[in-house]
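Structural features, examined
Residue-level listing of the chains:
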Amino acid sequence: PAHFQAMDAPGLLGAVSSIYAVGSIIGSIVYAVGASRWRWGSWLVSLALFTVSFGLIATLEGFWTVAAGMGFIGLAGGRMGPTFPVGLTESVPDAQRGRLFGLLNALALVAAPLGLGMIALLLSRWPLQIGVWALLVVWAPAAVYGVVSTNLRDFVEPPEKVGC
């Protein structure tokens, strides 16, 4: 919202949000149709899309660059979103699944406001450009870990499913 306020075009936020939503829907459909058979590859494509997206958004170059970044984030999230719960469901015994998903839900309810608070604090002290680049800097090591971690690979695509 701050980017579009600075452009004196707050109405564009709705357009960008719609582009994000369409990307999410397309990403979910792609995952449902075929990416679930090749989860590791889908995971890698999603990590790449997220990284490109954050880079596009970090430029804050007008409407279309930010809109493309948001569309790619939606596409990546739609593809990556199902991977984590499916992996947990497959790897956690039935008797413990309810407690685990309850804990994850509670953590998610805390994580979102905590992250927004941290960004709000950062943006209250520095320009918006610093904030979006900070997100990219935080994301980059997480993306690298997402590619090189063998434990994460085994979680995303268990060894008995590799090659299917």
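The structure we're discussing is the one just above.
Right, let's walk through the structure included here.

Reading the values: rules and limits
Residues numbered from 1 in each chain as written. Predicted model: local features only at pLDDT ≥ 70, side-chain atom pairs only at ≥ 80, totals over all residues. Heavy atoms only, no water. Helix = DSSP H or I, 4+ residues; strand = E, 2+ residues; numbered from the N terminus. Contact = heavy atoms within 4.5 Å. Areas by Shrake-Rupley, 256 points an atom, 1.4 Å probe, with all protein chains shown as cover. Lys, Arg positive; Asp, Glu negative; His and termini not counted. Charge placed at Lys NZ, Arg CZ, Asp CG, Glu CD. Buried < 20%, exposed > 50% of the residue type's maximum accessible area, 1.4 Å probe, protein only. Core = buried A, V, L, I, M, F, W, Y, C linked by side-chain atoms within 4.5 Å.

1. Comments concerning the overall build of the protein chain
Secondary structure summary: the protein chain contains eight helices and zero strands in total. Listing each helix as α and each strand as β along the protein chain from the N terminus yields α-α-α-α-α-α-α-α. Taken along the three principal axes of its C-alpha coordinates, the protein chain extends 55 × 30 × 25 Å. Long-range pairs, those at least 24 residues apart, make up 71% of the contacts in the protein chain with a sequence separation of at least 6. Accessible surface, the protein chain: about 9,700 Å² in total, of which carbon and sulfur atoms supply 74%. Both charge centroids of the protein chain, one from 8 positive and one from 7 negative side chains, sit 5 Å from each other.

2. Observations concerning the side chain of Ser-46
Its place among the elements puts Ser-46 in helix H3 (residues 39-59). The exposure class assigned to Ser-46 is buried, which follows from its relative accessible area of 0%. The residues contacting Ser-46, other than those within four sequence positions of it, are Ala-76, Arg-79 and Met-80.

3. Some details on the nonpolar core
Within the largest apolar cluster, 24 residues are counted, with the highest numbers of intra-cluster contacts made by Trp-43, Phe-50 and Val-156. Counting only elements with at least two residues in this core, the list comes to H3, helix H4 (62-80), helix H7 (128-148) and helix H8 (150-156). Residue contacts for Val-156: discarding those within four places in its chain leaves Arg-39, Trp-40, Trp-43 and Thr-83.

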